[in-house]
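Coordinates in review
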Amino acid sequence: MHWKKLGHIFAPTGESSWMHTHAMIPLAEQVDGDLYRIYFSPRDRKNRGHGAYLEIDMRDPLRVERVHENPVLEPGALGCFDDSGALPNSLVEVDGRKRLYYTGINLGVTVKIRNSIGLAEWDEDQHRFVRCYRGPVIDRTRDLPHFVATPEVRYDGIYKAWFTACQRWEDTPGGPKHFYNLEYAESDDGIDWRRDGTTAIDFADEHEYALGVPRVLVDGGKYRMWFCSRATADSPTYRIRYAESEDGMTWERKPDQGGLDISDDGWDSEMVCYPFVFDHQGQRYMLYNGNGYGLSGFGIAIQDR
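These notes cover the structure that comes with them. (Residues numbered from 1 in each chain as written. Predicted model: local features only at pLDDT ≥ 70, side-chain atom pairs only at ≥ 80, totals over all residues. Heavy atoms only, no water.)

1. Side note on the sheet that holds strand β6 (residues 86–94)
Across the sheet, which stays open at both edges, the four strands sit in the order β6-β7-β8-β9 with antiparallel pairing between neighbours. Each of the sheet's edge strands pairs with one partner strand only, and the pair in question is β6 and β9 (128–131). Strand-to-strand twist of the sheet, defined as the mean angle between neighbouring strand axes without regard to direction, takes the value 35°. Relative to strand β8 (residues 116–123), strand β7 (residues 97–104) runs antiparallel, the two sharing six bridges. Paired with L100 across the two strands is A120, which belongs to β8. (Pairing = 2+ DSSP bridges. Helix = DSSP H or I, 4+ residues; strand = E, 2+ residues; numbered from the N terminus. Axes fitted to C-alpha atoms, helices over the stretch in contact; angles between N-to-C directions.)

Quick look at the structure:
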């Protein structure tokens, strides 16, 4: 299972006040036939994340058909969990309602972030996502005291979520350093979650310290996950990894399969991160970010079978 990179799709030009830099965490939604809407998170002039989308035709996926001119999700009110950014992560459609799970960015003092997971729902009349609640639906708890972020949510009779969960912070000469892996939780209604700290994928070794943006597909009787991670030794910047599971809870990494590495030069030569994997017309594709955590935008790869 290997990937062939097709090329770069999009990065902001810096002309817009709200879509000023970055195009982080792309996720694809089929609109009709070959037409796909790609949601992503740009940053405004104050460095706050928003929700945006553009459209591509999969017959020529490197050509952008149009970029929607207005944000579809904006940072929350001052003092709320998402006042420094609202980053779209995962779409789930149940009973005709399109829900968006997103990362709410909240800046800290002793540590740089204390993020949580929010929920919004698509309003066609307003052509945007509207918050279901002013507060998060997955957050720190009495027993799990650190931040959560970047959820992947699926529904198969119950809601299942895989997401980044910070385990601890450590003081280092360079400042506080976070250590976050991937956690699993379930919910009957997608709002109230049974979070007991179940680890989906843990650190591979003492060098790995950051796992994020899990993407899960189910096929061939298996759960398949793509995610990104970084380590102090072999990959100080993000690389895309792959794992498999029989039940969605216990995972086995496949270090020689399914991942994606950096290019020799260009927009993804320093980092590859934030994957989104989807199938179209019998082919499997991956959207992903490159250098600068999405500063250089996102591109697409196809599974080379």
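2. Thoughts on the packing of aromatic side chains
For any pair of aromatic rings, geometry is given as the distance between the ring centres together with the angle between the planes. Applying the stated criterion across every chain, the model contains 23 aromatic pairs. Taking the centre distance of 5.7 Å and the plane angle of 50° together, the rings of F40 and F298 count as tilted. With F40 in strand β3 (residues 35–43) and F298 in strand β21 (residues 298–304), this pair connects stretches of sequence that are 258 residues apart. The exposure class assigned to F40 is buried, which follows from its relative accessible area of 0%. For the ring pair F278 and Y285, a centre distance of 5.7 Å and an interplane angle of 25° mean the geometry is stacked. Of the residues examined, F278 reaches a relative accessible area of 7% and is grouped as buried. Judged by its relative accessible area of 9%, Y285 falls in the buried class. Put simply, the rings of Y36, F276, F278 and Y285 touch in pairs and so form one group of aromatic residues. Its guanidinium or amino end placed over the ring of Y53, R37 lies 4.1 Å from that ring's centre, counting from NZ or CZ. The lysine or arginine in question, K98, covers the ring of W122, its NZ or CZ lying 4.7 Å from the ring centre. (Phe/Tyr/Trp six-rings, centres within 6.5 Å; stacked < 30°, edge-to-face > 60°. Buried < 20%, exposed > 50% of the residue type's maximum accessible area, 1.4 Å probe, protein only. Lys NZ or Arg CZ within 6 Å of the ring centre and 35° of its normal.)

3. A look at the nonpolar core
Within the largest apolar cluster, 32 residues are counted, with the highest numbers of intra-cluster contacts made by F10, I38, F40, F129, F278, L287 and F298. Aside from chain neighbours lying at most four places away, what touches L287 is I9, P26, L27, A28, I38, Y274, P275, F276, F278, G299 and I300. Counting 19 residues, the second-largest nonpolar core is a separate cluster that includes M24, Y180, C273 and Y274. (Core = buried A, V, L, I, M, F, W, Y, C linked by side-chain atoms within 4.5 Å. Contact = heavy atoms within 4.5 Å.)

4. Some words on the sheet that holds strand β2 (residues 21–32)
Taken in spatial order, the four strands line up as β2-β3-β4-β5 in an open sheet, and their pairing is antiparallel. The open sheet has two free edges, formed respectively by β2 and β5 (64–67), since each of these has just one partner strand. Averaged over all adjacent pairs, the angle separating strand axes in this sheet is 25°, with direction ignored. Bridge count between strand β4 (residues 52–57) and β5: three bridges; the pairing is antiparallel. Within the sheet, the bridge partner assigned to E55 lies in β5 and is R66.

5. Notes on the pattern of salt bridges
All told, the structure shown has 26 salt bridges when counted by the stated rule. The partner of D34 in a salt bridge is R59, with the nearest N and O atoms 3.4 Å apart. On the criterion of sequence distance, the pair formed by D34 in the loop between β2 and β3 and R59 in the loop between β4 and β5 is long-range, its members being 25 residues apart. Under the relative-accessibility criterion, R59 is labelled exposed at 66%. Measuring nitrogen to oxygen at the nearest pair gives 2.4 Å for the salt bridge that ties R284 to D219. One end of the pair, R284, is in strand β20 (residues 283–289); the other, D219, is in strand β15 (residues 208–219), and 65 residues separate them in sequence. Classification of R284 by relative accessible area gives buried; the value is 5%. (Salt bridge = Lys/Arg side-chain N within 4 Å of Asp/Glu carboxyl O.)

6. Notes on the environment of P61
Locating P61 in the fold gives a position in the loop between β4 and β5. As a C-alpha pair, P61 and D34 span 27 residues in sequence and 9.4 Å in three-dimensional space. Beyond its immediate chain neighbours, meaning those up to four positions away, P61 contacts L6, I9, I56 and I300.

Geometric values such as these leave the question of function open.
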